[in-house]
Amino acid sequence: MAGLRALTSRGRSFLASGVAALLMALLLGEHDLLRIGVLIMSLPLLAALVVARTRYRLSCARRLDPPRREVGGEATVTLRLENVTRLPTGLLLIEDTVPYALGTRPRFVLDRVESKGIREIDYRVRSDLRGRYTIGPLSVRITDPFGLVELTRAFTISDTLVVTPQVVALPHVRLSGEWTGGGDSRTRSVAAAGDDDVAPREYRQGDDLRRVHWRSTARYGELMVRREEQQWQSRGALLLDTRRHAHRGEGPRSSFEVAVSAAASIGLHLAREGLGVRLVTDQGPEHLSESGVGWSLLDTLAVVRNSPARSLELGINALRQGGGDGLIVAVLGAMDPEEARELAKVRHGGATGVAVLLDVEGWEAREYGSADRRQAVEAVLAGSGWRIVTLPAGTSLATVWPSAGVKTRFAVGGAA
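Here's what I pulled together on the structure shown here. Keep in mind it's a predicted model, so treat the numbers as computed, not measured. (Residues numbered from 1 in each chain as written. Predicted model: local features only at pLDDT ≥ 70, side-chain atom pairs only at ≥ 80, totals over all residues. Heavy atoms only, no water.)

## Thoughts on a nonpolar patch on the surface
A grouping of Phe14, Leu39 and Leu43 is seen on the molecular surface, where their side chains present a nonpolar patch of about 250 Å² in accessible area. Looking at the element boundaries, Leu43 is found in helix H3 (residues 31-52). Leu43 gets classed as partly exposed once you look at its relative accessible area, which sits at 34%. (Patch = residues over 30% accessible without salt bridge, like charges linked within 9 Å, V, L, I, M, F, W, Y side chains within 5 Å. Areas by Shrake-Rupley, 256 points an atom, 1.4 Å probe, with all protein chains shown as cover. Salt bridge = Lys/Arg side-chain N within 4 Å of Asp/Glu carboxyl O. Helix = DSSP H or I, 4+ residues; strand = E, 2+ residues; numbered from the N terminus. Buried < 20%, exposed > 50% of the residue type's maximum accessible area, 1.4 Å probe, protein only.)

## Regarding the sheet that holds strand S7 (residues 131-135)
Taken in spatial order, the three strands line up as S2-S10-S7 in an open sheet, and their pairing is mixed. With partners counted over all chains shown, the strands left at the sheet margins are strand S2 (68-70) and S7, one partner each. Taking the axes of each pair of neighbouring strands and ignoring which way they run, one obtains an average angle of 25° across the sheet. As defined by bridge partners, S7 adjoins strand S10 (residues 159-164) across five bridges and the pair is classed as antiparallel. Within the sheet, the bridge partner assigned to Thr134 lies in S10 and is Thr160. Contacts from helix H6 (residues 293-302) reach S2, S7 and S10, with the element oriented near 90° to S10. (Pairing = 2+ DSSP bridges. Axes fitted to C-alpha atoms, helices over the stretch in contact; angles between N-to-C directions. Contact = heavy atoms within 4.5 Å.)

## Focus: the environment of Val98
Here Val98 shows up in the loop between strand S4 (91-96) and strand S5 (107-110). By relative accessible area, which is 8% here, Val98 ends up buried. In the structure, Val98 is positioned 36 residues away from Thr134 in sequence and 7.2 Å away in space, judged by C-alpha atoms. Residues in contact with Val98, not counting those within four places in the same chain, are Gly103, Arg105, Pro106, Tyr123, Val125 and Ile135.

## Quick word on helix H2 (residues 9-28)
For H2, built from 20 residues, the straight-helix expectation of 28 Å at 1.5 Å per residue is met to within 8% by its first-to-last C-alpha distance of 28 Å. Of the residues trailing H2, Gly29 is marked for its positive phi of about 75°. (Expected span 1.5 Å × (residues − 1).)

## A short note on the nonpolar core
Membership of the largest hydrophobic core comes to 38 residues, with the highest contact counts inside it found for Ile266, Leu301, Val331, Val356 and Trp401. Counting only elements with at least two residues in this core, the list comes to strand S14 (231-240), helix H5 (255-272), strand S15 (276-281), H6, strand S17 (327-332), strand S18 (352-358), strand S19 (387-391) and helix H10 (397-400). No other element matches the nine residues that H5 contributes to this core. Beyond its immediate chain neighbours, meaning those up to four positions away, Leu301 contacts Arg130, Pro165, Leu240, Val260, Ala263, Ala264 and Leu279. (Core = buried A, V, L, I, M, F, W, Y, C linked by side-chain atoms within 4.5 Å.)

Structure, rendered in structure tokens:
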């Protein structure tokens, strides 16, 4: 039955023609026509029997080079087929499963694979959209020499191609205040005069309980830890505004995609300079692997999507709860001054705050009052000590990034 179900259109036509010839031969009493009918009908049946009993054993392996690719870049997929039986194969039709975003499904024809023979097939994929794409499984269609029967067999293996956001190389900018406690790479003594002179701070999840400073704990009524035993490492937080209503435009050139690319560029730039970066969106904190932060950041941003949230409250709370950040970089879409005031409060002490403000009205027709609102947001953030980087539509982040090293001073009343 499996062989009959595998009949192609040509095979079904032969079978129907043979049956018709048999009926006409019986009706007319033509013995020659009867022989012809039997011959025509037997061809697809014999082909179906042969293909169904075929015991080809093929092994398949797939290799992606590279397994991660930036938006717009090409990756090479290599298929390796091996005939592990002692029988040569017949005609093989190879088809790999590829998502629509990566292009059309690749199809290949192999005339014959000898016993223990190996064939390697290469093809390229490309995507202008970020994402995590599954390639596979591979299907192999076995057909007879006459094309009467076609039997499909599929492999189960699949591989994943990660298309990451576009990353722009940024110039080095001196960001003061980015060194803070909590890591394990640098050591710094805060107090050396004795236990009474330590500068305790509140306990945070993950702190060693052996560092608890009991005298300060009794004084403040909450767990406090000693700072002089803290290891010091560069730490920073990266906030990405993914709210749908805060962005404009559609597709790869939308302000949202530019914001994701900016976050990837900044995060990778800071990670390469030795900062321990954590990622936060308006939905809350995102988990990044401590080993290979750069790749983990790109993998996370590859699949980030617009959120229906209307407020940055969850993201701001996540920044506060994380604590210990000497540098906070916020990549923001459209926002109002009240949201800016809440965000401005996150920067504290010697921490450096950098706000990358997308000039979202440049992605579509300007809205009435939008420029004034953006200037008010800039005034609020700059007045609280944040450094302002304005990113207009069509401008590379590398061009405006040096503004992150400039302290903006606003006089009373909001004038610069």
